[in-house]
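Chain residues, written in single-letter form:
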Amino acid sequence: MSESGAREDDALVRDARDGDSAAFEELVRRHHARILSLCAGMLRSREAAEDAAQEAFLKAWRGLDSFRGDSAFATWLRRLAANQCLDALRRQSRRSEDSLDDPLSAPAMMARLTEPGPERAAQARDLAERLLASLPPEQRLALVLRETQGLSYEEIAETLECSLDSVKARLRRARAALEERSRHFSEPKDV
């Protein structure tokens, strides 16, 4: 977001704190697409992403008085959304373990991906989502913030409240894990 956009956000935050619900609605309009995109990158279902984004905005509204302005409003909002997604992932992992081997084995997945037809793109997208979902949540979050949100390493560090070295390490580990796991699906196996 541009510097003038951040200043405008600051004015809207002040107005919203003073009870102007239209100011907060404008903040939601400005940031909804990016927050939803972040949540969609973290969570496998569109419905779960929409729920997480909505909850992040609710927490922002309720916690507006606690926003100190140490960072940009957009950064604070991303942090709320990221934490909401991490909580959702923790709840999901307690309910069930989602394996890359279920419901399709690697050979079955490769066979489906190499079939011609309109289903191929959807299957490739599903595979990418499953590979991303297999990453530890902190690595996944760093990767989503970098690759789908387009944040700089510094912005990611600010959002995650961690060091720049930690961000670099998470991204390096996430990329290495994705490369290794995707190799499982792309290399032909001698049987």
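What counts, and where the lines are drawn
Residues numbered from 1 in each chain as written. Predicted model: local features only at pLDDT ≥ 70, side-chain atom pairs only at ≥ 80, totals over all residues. Heavy atoms only, no water. Helix = DSSP H or I, 4+ residues; strand = E, 2+ residues; numbered from the N terminus. Areas by Shrake-Rupley, 256 points an atom, 1.4 Å probe, with all protein chains shown as cover. Salt bridge = Lys/Arg side-chain N within 4 Å of Asp/Glu carboxyl O. Buried < 20%, exposed > 50% of the residue type's maximum accessible area, 1.4 Å probe, protein only. Axes fitted to C-alpha atoms, helices over the stretch in contact; angles between N-to-C directions. Parallel < 35°, antiparallel > 145°, perpendicular 65-115°, else oblique. Left-handed = near helix turned anticlockwise from the far one by under 90°. Contact = heavy atoms within 4.5 Å. Nonpolar A, V, L, I, M, F, W, Y, C, P; charged D, E, K, R; others polar. Polar contact = N/O pair within 3.5 Å; in protein donor to acceptor, adjacent residues only side chain to side chain. pLDDT = per-residue confidence, 0-100.

Chemist: Lay out the overall build of the chain with the relevant residues and their values.
Modeler: Scanning the chain for helices and strands turns up nine helices and zero strands. Entry remark: accessible area of the chain is about 11,100 Å², with carbon and sulfur atoms responsible for 48%.

Chemist: Can you explain the pattern of salt bridges? Please cite residues and give values.
Modeler: Per the counting criterion, the structure on display carries nine salt bridges. Across the salt bridge formed by Asp70 and Arg68, the nearest N and O atoms sit 2.8 Å from each other. Exposure class is identical for Asp70 and Arg68. Each is exposed. Salt bridges here are not isolated pairs; linked through shared partners, they connect Glu8, Asp9, Glu26, Arg29 and Arg30.

Chemist: Any details on the packing of helix α2 (residues 21–42) against helix α7 (residues 137–147)? Residues and values, ideally.
Modeler: Angle between the axes and distance between the axes are the two parameters that describe a pair of packed helices. Their axes nearest at 9 Å, the elements α2 and α7 cross at an angle of 140°. As summarised for this structure, α2 and α7 are arranged oblique, according to the angle between their axes. Seen along the crossing, α2 lies across α7 with a hand that is right-handed. Within the contact between the two elements, α2 uses Leu38, Gly41 and Met42 and α7 uses Pro137, Arg140, Leu141, Val144 and Leu145. Taken together, the residues of the contact of α2 with α7 break down into six nonpolar, one polar and one charged.

Chemist: With reference to specific residues and values, describe the side chain of Gln149.
Modeler: With respect to the helices and strands, Gln149 occurs in the loop between α7 and α8 (153–160). What makes Gln149 buried here is its relative accessible area of 8%. Among the polar contacts listed, one links the side chain of Gln149 to the side chain of Ser37, at a separation of 3.2 Å.

Chemist: Pulling in residues and values, what's your account of unusual backbone geometry?
Modeler: Positive phi, close to 55°, is recorded for Glu161, a residue that is not glycine. Secondary-structure assignment places Glu161 in the loop between α8 and α9 (164–186). Residue classification places Glu161 among the exposed positions, given a relative accessible area of 61%.

Chemist: Could you give an account of the confidence of the model for the chain, naming the residues involved and the relevant values?
Modeler: On average, residues of the chain score 83 in pLDDT, and 79% of them reach the 70 mark or higher. Mean pLDDT in the chain bottoms out at helix α5 (residues 106–114), which sits at 46, and peaks at helix α3 (residues 46–62), which reaches 96. Contacts from residues 97–113, a stretch scored under 50 in pLDDT, to residues over four places away or in other chains number 27 contacts.

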